[in-house]
Amino acid sequence: MARTQAKVKRSDVARTVTLRGRVGRPPKALAGNIEERILDAARDVFLERGFDGASIDEIAERAPASKPTIYARYSGKPALFAAIVERSIGELMNLGSSYTPPVGTVQEKLVGLAMAIVDRSLKDSIGLLRVTIGEADRFPDLSCQFHDVSRKRATRAVAVLLSETIGGSARGAPSKASAASAEIFIDLIVMPPIMRSLMGERERTIRKELPGFVRDRVKTFLALLARA
């Protein structure tokens, strides 16, 4: 049976209505963070069960929150899924320049940055990437936006480092050449381990092989830059 694409309005994601006489009202200590608890619980359930396998009942139990409380804020699973992805996009876009490359050669700095990007992806993004890819036909705009923002944040971090270490530029907007080189860096070094994880390979295996893989690929990358 063909699945009907769900139409999710932004108002459905952000809608908040005050309910009286809630069933299973949480303690006062938890009442203030109800939105975060619902979204955290929904994210866990979607990651474990997938979109079709997730249920509002289980999300309500894990939050904990009553079903009326959830439905007062989100019209159903599509709106909850959209809210989770949009929150993750916001977190990616709000990431500051918190990464500090290690002291050392250009090669050592690039190795450190590549390791940090892959590590963050394996910890924070892979699960949601799998779900959004699986639901791309239902939520094409959300899926594309999440993947685009993830890539752009990683690419910009590499481009800034290249501008500072190789291009000799002050910290700020990277040059076009550095931005283009950063795209190659991401495809050559960052994407392979991420794709292996998306295809189901064990994270432990990927992490064990990652240091040697990144060092070899960074050497290749710098050799290509030197020839250009």
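Keep in mind the model is a prediction, meaning the values are calculated, not measured. (Residues numbered from 1 in each chain as written. Predicted model: local features only at pLDDT ≥ 70, side-chain atom pairs only at ≥ 80, totals over all residues. Heavy atoms only, no water.)

Student: Would you explain the overall build of the protein chain in this entry?
Tutor: If you tally the helices and strands in the protein chain, you get 10 helices and 0 strands. Scanning the protein chain from its N terminus toward the C terminus, one meets helices and strands in the order α-α-α-α-α-α-α-α-α-α. Scored against the burial criterion, the 228 residues of the protein chain give a buried share of 37%. Pairs at least 24 apart in sequence give 71% of the contacts found in the protein chain among residues at least 6 apart. Just so you have it, the protein chain exposes about 12900 Å², and 54% of that area is on carbon and sulfur atoms. (Helix = DSSP H or I, 4+ residues; strand = E, 2+ residues; numbered from the N terminus. Buried < 20%, exposed > 50% of the residue type's maximum accessible area, 1.4 Å probe, protein only. Contact = heavy atoms within 4.5 Å. Areas by Shrake-Rupley, 256 points an atom, 1.4 Å probe, with all protein chains shown as cover.)

Student: How should unusual backbone geometry be read in this particular structure?
Tutor: Outside of glycine, negative phi angles account for most residues, and trans bonds account for most peptide bonds. A63 connects to P64 through a cis peptide bond whose omega is -20°. Topologically, P64 is positioned in the loop between helix 4 (56-62) and helix 5 (67-73).

Student: Could you clarify how one ought to interpret the side chain of T155 in this entry?
Tutor: Among the structural elements, T155 can be located in helix 8 (residues 140-165). If we ignore the near neighbours within four places in the chain, the residues touching T155 are A179, A182, E183 and I186.

Student: Hey, could you run me through the packing of helix 8 against helix 9 (residues 176-198) in this one?
Tutor: Between two packed helices, the angle of one axis relative to the other and the distance separating the axes together describe the packing. The contact between helix 8 and helix 9 brings their axes to 8 Å, and the two run at 120°. Taken as axis vectors, helix 8 and helix 9 run oblique relative to one another. Taken as a pair, helix 8 and helix 9 cross one another with a handedness that is right-handed. Between helix 8, through R151, A154, T155, V158, A159, L162 and S163, and helix 9, the contact on the second element is made entirely by S178, A179, S181, A182, E183, F185, I186, D187 and M191. Classifying every residue of the contact of helix 8 with helix 9 gives 9 nonpolar, 4 polar and 3 charged. (Axes fitted to C-alpha atoms, helices over the stretch in contact; angles between N-to-C directions. Parallel < 35°, antiparallel > 145°, perpendicular 65-115°, else oblique. Left-handed = near helix turned anticlockwise from the far one by under 90°. Nonpolar A, V, L, I, M, F, W, Y, C, P; charged D, E, K, R; others polar.)

The quantities given are spatial measurements derived from coordinates; they are silent on function.
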